[in-house]
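A structural walkthrough
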Amino acid sequence: MYTKWAADEIRIEKLEVFAYHGVYPEETRNGQIFYVNAVLYTDVHRAAAADDLESTVNYGEVCRFIGDWMPANTCKLLEAAAERLAEALLLKYPLLQGADLEIQKPHAPIPMPFGSVSVKVRRAWHRVYLGVGSNMGDRERYLSGAVKSLEAHPLVTVRNVSKWINTSPYGGVEQEDFLNGVIEIETILGPEGLLETLHEIENKAGRVRTLRWGPRTLDLDILLYDELQWAEDNLVIPHPDMANRAFVLQPLAEIAPGLVHPVLGKTAAALLRELERDKCLEKSGE
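A short tour of the structure in this document, coming up. These numbers were taken from a predicted model, which means no experiment stands behind them.

1. Details of the overall build of the protein
A count of helices and strands for the protein gives eight helices and 11 strands. Across its three principal axes, the protein shows a C-alpha extent of roughly 80 × 50 × 35 Å. Buried positions account for 48% of the 286 residues belonging to the protein. Partitioning the intrachain contacts of the protein with sequence separation of at least 6 by distance along the chain shows that 65% fall at a separation of at least 24. Of the roughly 15,500 Å² that the protein leaves accessible, carbon and sulfur atoms contribute 49%. Each charge sign in the protein was given a centre, from 30 positive and 42 negative side chains, and these centres are 2 Å apart.

2. As for a negative patch on the surface
A cluster of acidic side chains, namely Glu-192, Glu-196, Glu-200, Glu-232 and Asp-233, defines a negative patch on the protein surface. Sort the elements by how many residues they give to the negative patch and helix α6 (residues 191-204) lands first, with three residues. Along the chain, the position of Glu-232 falls in strand β10 (residues 230-232). For Glu-232, a relative accessible area of 43% corresponds to the partly exposed category.

3. So, the side chain of His-126
When you line up the elements, His-126 lands in strand β5 (residues 126-134). Reaching out from His-126, the side chain makes a polar contact with the side chain of Asp-226 at a distance of 2.7 Å.

4. A short note on helix α7 (residues 246-255)
Of all 10 residues that make up α7, seven are buried, and the element is covered over most of its length. Within α7 the residues assigned to the buried category are Phe-247, Val-248, Leu-249, Pro-251, Leu-252, Ala-253 and Ile-255.

5. Concerning the nonpolar core
With 61 residues, the main nonpolar core has Met-70 and Ile-222 as its most contacted residues. The element that contributes the greatest number of residues to this core is helix α4 (residues 78-92), accounting for eight residues. Not counting chain neighbours up to four residues away, the residues in contact with Met-70 comprise Val-17, Ala-19, His-21, Phe-34, Val-36, Leu-85 and Ile-103. Counting 16 residues, the second-largest nonpolar core is a separate cluster that includes Tyr-129, Leu-224, Met-242 and Ala-253.

6. Re the environment of Ala-50
When you line up the elements, Ala-50 lands in helix α2 (residues 45-50). For Ala-50, a relative accessible area of 49% gives the class partly exposed. The spacing of Ala-50 and Glu-16 is 34 residues in sequence and 32 Å in space, taken between C-alpha atoms.

7. Points about the pattern of salt bridges
Going through the model one piece at a time under the given rule, you end up with 10 salt bridges. One salt bridge connects Arg-11 with Glu-9, and the closest N-O pair in it is separated by 2.9 Å. According to the relative accessible area criterion, Arg-11 is exposed, its value standing at 53%. When the shortest N-O distance is used, the salt bridge between Lys-266 and Glu-274 registers 2.9 Å. On the basis of relative accessible area, Glu-274 is assigned to the partly exposed category, the value being 26%. Through salt bridges with shared partners, one network takes in Arg-127, Arg-159, Glu-184 and Glu-186.

The rules behind the values
Residues numbered from 1 in each chain as written. Predicted model: local features only at pLDDT ≥ 70, side-chain atom pairs only at ≥ 80, totals over all residues. Heavy atoms only, no water. Helix = DSSP H or I, 4+ residues; strand = E, 2+ residues; numbered from the N terminus. Buried < 20%, exposed > 50% of the residue type's maximum accessible area, 1.4 Å probe, protein only. Contact = heavy atoms within 4.5 Å. Areas by Shrake-Rupley, 256 points an atom, 1.4 Å probe, with all protein chains shown as cover. Lys, Arg positive; Asp, Glu negative; His and termini not counted. Charge placed at Lys NZ, Arg CZ, Asp CG, Glu CD. Patch = residues over 30% accessible without salt bridge, like charges linked within 9 Å, V, L, I, M, F, W, Y side chains within 5 Å. Salt bridge = Lys/Arg side-chain N within 4 Å of Asp/Glu carboxyl O. Polar contact = N/O pair within 3.5 Å; in protein donor to acceptor, adjacent residues only side chain to side chain. Core = buried A, V, L, I, M, F, W, Y, C linked by side-chain atoms within 4.5 Å.

So, in structure tokens, the structure goes:
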């Protein structure tokens, strides 16, 4: 689990549906019974206080939605069916923060006695902050294009965009000034899936990776992803150098001043003040 969800749960157990998922032709042709179990994560306080169905996730509607979706979509693998159904639920119901979804296949073609086979996935909306920059060509067009590409992605919702700021190059490579900013999004994509999406957007903008900290038409970095701490060869979250970059902290503090860095334990506004203070002390000591 990447994020802190509401502690409240709505549970659906053993919802029976007839659908056409399977690797073999007879499965997709003849169909079979499946059972769906779901744990829906949402905040029910408002609905409980008002006793109002419109303020919660209507489990009756969810059951009907699952009952319609399962036979209308055909997948070879249970993994694909569970993934796509979970995404469809999160996109359909705005009050749904996350879901555990399990699809059971009690009549799978296994030539041995068994009770059932199933695949269970956990999917959710995640709050992410992206750093964006450009120092080649029409910089503002590249940055605005990145926002439009994110807005067009079916699994991404853009929540906030900072003002663009002009900044000096970082990293010691002589080049033109950058235009930088921060974009706040919510996404169903995992960290690696989001990184792939960002690379696709960069590539469409003509990004060429030849020189570290060199000029680029478009640069998109994952700064923060919920409170996740992630370290792989191609991706580190939180961004390891963000606390030293005024061109990150200034726009981040503009749109989310109270956002707390999950490792440093300080807000974006506090990190910016510290960085500005350190730079002043550095200059006064010259």
